[in-house]
Amino acid sequence: MLPTKGRFYATRYDWKVDHQFNPGNKLFGRFSHVRHRSVGRFSNEPLWELVDPQFTIPIDQSNVVVSDTHTFNPTTINEFRFGFNRRHRTRRPATQDGNWAQQLGIPNVSPETFPEIRGANSRYYNFGPGGLDEQLARDYTFQNNVTKIVGKHALKFGYEVVRTTYDALVEALPSGIYNMAGSERPFTPNTGNRFANFLLGTVGSALFTKAAAQWQPRWWSNSWYVQTDWKPIRTLMLNLGVRWSHETPFQTLNGKQSQFDLAATDPLTGRRGAIVHRPGALAKKDLNNFQPRLGVAWNFKEKWVFRGNFGVITSDLLTNTLDNNFEEFFATANVEAPAGDPRQVFRLSQGPPAFTFNTSPDGSVPFVGTNFSSRNATWFDPSMRMPYVMNWSGGFQYQFSGSWLAELLYQGSSGVGLLNNWDINVLPLNVSSDPVVLEQIREQYQNFRPYPHFGAIQHYSNYGHNTHHGATLRVEKRYSTGMTLNSFWTFSKTMNDVDEDGGAGGITWYNRQLEKARAGYDVNHRWVTTATWELPVGKGKKYMNVTGWRNAALGGWELMGSQHFQSGPPFTVNFAGSPNRYLPRALRPIQIKPNNEVKLKHVDVGANRFPLSAQQRYVKTDGFIYPAAFTPGTLGRNTLQAPGLVRMQASLSKEFPIVGERVKFQLRFDVNNVYKFHSFFNPVSTFNATDPSTFGVFTGTRGSFSDIGTGRWHGIIVGRLMW
């Protein structure tokens, strides 16, 4: 075994200025620079070093903050703040412009990059170092806030403007992405061998890309607010406010952007629906973004306080992926057999057939190819509005002794109109009930799409919605007799239709509510306890109240502990290896037994937990069957729950004075996973009746060697000099 190579360096420099010109005016400034040098990709294969040696991806990030605080009088304060952030990332593989493909025997290939060789959408042996890309992001922020005390009101109002620019040279692969094929039996599931495809050198399809321009989106964001902290009576505090914000709709510099238009005519095929390149905003302005805020704290009885709030927060619409709405400025050429033709298109030894990118007067490059499955489009909803999140809470606090506090709190939230994108160029589930027609559609799916001259058409709109409800019971011991403690238990549930911004998918776009389920990050139960204890040993303490070497060695130590118990997240069961035939969509099996018979409890996986193969299967194979041909199955999303998490951390620390209070040395001993509890990753959730060896088993534990879940006790000794 060869040693793993690579080093990761992160260096930060800070320069600060903090100056008070007079009692009423204070200036603060800071410049920070972070320099990242981390390995982008490396291989332990000696021969692969010739093609793809280790390289780094340099990232440089600079940040400037300047703020001025001016006190006009005892009741009026103004604060002005300016901020600037710049992040620059460059990725240049060592194979760039090296003509490596032709040197290794693949003719008719661009010398710019090495081809990416894939089997079933994954790279063989990491073949494919990628291509050149560069990203430069900049943010400029101007903000002003005024605080004014008027009677029982503490008034605050302010304004903020943010300018965001992004310049990206998106990674292109002019030498191609090769999807190997050729050993499978045409249109027959579970046939073929991926590695045999590679050995035969038979390419089923290839995609070639070229960056015809830089992707350069630009945004303005404006917002203002006004609020008051009002104390009408001694025991009641109200916080009342409203905020308004606006973000300019998506557009790019110089109008180099794309938009799918349902009514336009495609110049390549003459069909309805086309990619157009029109400058300006892709959606109308959304000016109705008023966000009320209400907070209350009511000390209605001695030792009792009620706290509650309601608020609305508007989320931004900055794109979450590179090259959104950039088709044809990021040119593509697809080499693929016509729909329904299962033959390979070329061999590696022959190289791909010749093709030419043709640039239009507006700088765009139309799609090249006759099979349109890789000709994708983006449709940004012209009626897009800014998403918003409502949150509310209410709870009681009770101080039942001098240092002990109990709290019962309910919290809820709802995200409305969240940004997601769905592929709309798909067929409904009820497209036909005739098996002959369905088989024809399966073999030539591209020809039956609503827009057969396109592959995926990603529609970006306000699709997303989520809800959260949770109750928390908390007990706190404030600092006394050298000890603090905070322990809370939360019972909650989070529902959504997709876990994050960006791409969404499921059984069918035509009924997206089928995906409404527990969020993939939902944790029903969570109990966390943290405590600190100044050990009662040493000078001024209960035990060994002495000075000298004994106090220096044994006195003044502080012990900290943190304990986590939480239930596991849900997961979705899908399937593979079915002898039946289906149309392209998300497919899920049919569960024939209840959850309590299908899934074990964590403790039931057996005493022999390592190696993982010695465990009992966490999810049982006999609880599922394949759906009938051309049906999607009946199992929902996130219906089973993975094992929970148990973790304890502890730390023992002491400060040693070196020069009074000016120079100190801290010695700390940290321990992770004190009692070696192993918390597993989600089990393998792909049901496969033809190869059931991995379904329902664990492939590893959570975290790294020094983190949660590994079953290892891990200690760290840290020394810190402070002056």
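Residues numbered from 1 in each chain as written. Predicted model: local features only at pLDDT ≥ 70, side-chain atom pairs only at ≥ 80, totals over all residues. Heavy atoms only, no water.

> Describe the overall build of the protein, with residues and values.
Each helix and strand counted, the protein has 6 helices and 36 strands in total. Along the first, second and third principal axes, the C-alpha atoms of the protein reach 85 × 65 × 55 Å. Among the 723 residues that make up the protein, the fraction classed as buried is 43%. Restricting to contacts in the protein with at least 6 residues of sequence separation, those with at least 24 account for 72%. For the protein, the computed accessible surface area is about 37,400 Å², with 57% contributed by carbon and sulfur atoms. Here the protein contributes 76 positively and 54 negatively charged side chains, and the mean placements of these two sets differ by 8 Å. (Helix = DSSP H or I, 4+ residues; strand = E, 2+ residues; numbered from the N terminus. Buried < 20%, exposed > 50% of the residue type's maximum accessible area, 1.4 Å probe, protein only. Contact = heavy atoms within 4.5 Å. Areas by Shrake-Rupley, 256 points an atom, 1.4 Å probe, with all protein chains shown as cover. Lys, Arg positive; Asp, Glu negative; His and termini not counted. Charge placed at Lys NZ, Arg CZ, Asp CG, Glu CD.)

> Can you tell me about the environment of phenylalanine 84, naming the residues and giving the values?
For phenylalanine 84, the location among the structural elements is in strand E4 (residues 76-91). What phenylalanine 84 contacts, discounting residues up to four positions off in sequence, is Ser62, Asn63, Val64, Arg138, Asp139 and Tyr140.

> Give me the lowdown on the side chain of serine 413, citing residues and values where you can.
On the secondary structure map, serine 413 appears in strand E21 (residues 404-423). On the basis of relative accessibility, which here comes to 19%, the residue serine 413 falls in the buried class.

> Just give me the short version of unusual backbone geometry, but keep the residues and values in it.
Trans is the prevailing form of peptide bonds, just as negative phi is the prevailing case for residues other than glycine. For aspartate 97, which is not glycine, the phi dihedral falls at a positive 60°. Notably, asparagine 254 is not glycine yet its phi reads approximately 65°, a positive angle. Locating asparagine 254 in the fold gives a position in the loop between strand E12 (236-247) and strand E13 (259-265).

> Provide a residue-level description of the confidence of the model for the protein, including the pertinent values.
It should be kept in mind that the predicted coordinates are not to be read in detail where pLDDT is low. Put simply, the protein has an average pLDDT of 90, and 94% of its residues get 70 or more. Low confidence marks residues 41-48, where pLDDT is under 50. Its contacts with residues over four positions away, or in another chain, come to 25 contacts. (pLDDT = per-residue confidence, 0-100.)

> Explain the pattern of salt bridges to me, using residue names and the numbers behind them.
Here the idea is simple: oppositely charged side chains can pair when their charged atoms come close. For the structure on display, the rule yields 24 salt bridges. Note that arginine 474 and glutamate 407 form a salt bridge whose closest N and O atoms lie 2.9 Å from each other. Remark: glutamate 407 occurs in strand E21 and arginine 474 occurs in strand E22 (residues 457-480); sequence separation between them is 67 residues. Glutamate 407 carries the same exposure label as arginine 474, and that label is buried. For arginine 637, the salt bridge goes to aspartate 499, with nearest N and O atoms at 3.1 Å. Taken together, the residues arginine 637 in the loop between strand E31 (624-625) and strand E32 (640-641) and aspartate 499 in the loop between strand E23 (483-496) and strand E24 (502-503) connect sequence positions 138 residues apart. By relative accessible area, aspartate 499 is classed as partly exposed at 34%. What emerges from the salt-bridge pattern is a single network uniting Arg138, Asp167 and Arg218. (Salt bridge = Lys/Arg side-chain N within 4 Å of Asp/Glu carboxyl O.)

> Outline a nonpolar patch on the surface, supporting the account with residue identities and numerical values.
On the surface, a cluster of nonpolar side chains totalling about 700 Å² of accessible area is made up of Leu408, Leu473, Trp489, Phe491, Trp527, Phe565 and Tyr675. Looking at the element boundaries, phenylalanine 565 is found in strand E27 (residues 558-566). (Patch = residues over 30% accessible without salt bridge, like charges linked within 9 Å, V, L, I, M, F, W, Y side chains within 5 Å.)

> Tell me about helix H3 (residues 435-443), residues and numbers included.
Taken together, the buried positions of H3 are occupied by Leu438, Glu439, Ile441 and Arg442. Down the axis of H3, the smallest arc covering the buried residues is 160°, so these residues share one side. Against helix H4 (445-448) lie the buried residues of H3. Sitting at the head of H3, aspartate 434 places a side-chain oxygen 2.9 Å from the backbone nitrogen of valine 436. (Arc of directions from axis to C-beta. Polar contact = N/O pair within 3.5 Å; in protein donor to acceptor, adjacent residues only side chain to side chain.)

> Could you give an account of the packing of aromatic side chains, naming the residues involved and the relevant values?
Applying the stated criterion across every chain yields a total of 37 aromatic pairs. When the ring of phenylalanine 624 is compared with that of phenylalanine 687, the centres are 6.0 Å apart and the planes differ by 40°; the resulting orientation is tilted. Of this pair, phenylalanine 624 sits in strand E31 while phenylalanine 687 sits in strand E35 (residues 686-687), and the two are 63 residues apart along the sequence. Note on accessibility: phenylalanine 624 and phenylalanine 687 belong to one class, buried. (Phe/Tyr/Trp six-rings, centres within 6.5 Å; stacked < 30°, edge-to-face > 60°.)

> Could you give an account of the pairing of strand E7 (residues 133-150), with specific residues and numbers?
In the sheet, E4 pairs with E7 via 16 bridges, with the strands oriented antiparallel. Paired with arginine 89 across the strands is glutamine 135, a residue of E7. As paired elements, E7 and strand E8 (residues 153-169) share 17 bridges and run antiparallel to each other. Considered in E8, the bridge of asparagine 145 is made with glycine 158. The hairpin formed by E7 and E8 contains 2 residues between the paired strands, and glycine 151 there has a positive phi angle of roughly 60°. (Pairing = 2+ DSSP bridges.)

> So, the side chain of threonine 529: which residues are in play, and what are the values?
Tracing the backbone through its elements, the reader meets threonine 529 in strand E26 (residues 525-534). Of the polar contacts made by the side chain of threonine 529, one reaches the side chain of serine 487; its length is 2.8 Å. Polar side-chain contacts of threonine 529 include one of 3.4 Å to the side chain of tryptophan 527. Apart from the residues lying within four places of it in its own chain, the contact partners of threonine 529 are Asn486, Ser487, Gly561, Ser562 and Gln563.

> Which residues make up the environment of proline 594, and what values go with them?
Within the secondary structure layout, proline 594 lies in the loop between strand E30 (590-591) and helix H6 (595-598). For the pair proline 594 and glycine 623, spaced 29 residues apart in sequence, the C-alpha separation works out to 8.0 Å.

> Give me the pairing of E27: which residues, what numbers.
Pairing of E26 with E27 involves 9 bridges; the strand directions are antiparallel. Across the sheet, residue threonine 532 finds its bridge partner in E27, namely methionine 560. For E27 and strand E33 (residues 645-659), the ladder comprises 9 bridges, and the chain directions are antiparallel. Within the sheet, the bridge partner assigned to glutamine 563 lies in E33 and is methionine 648.

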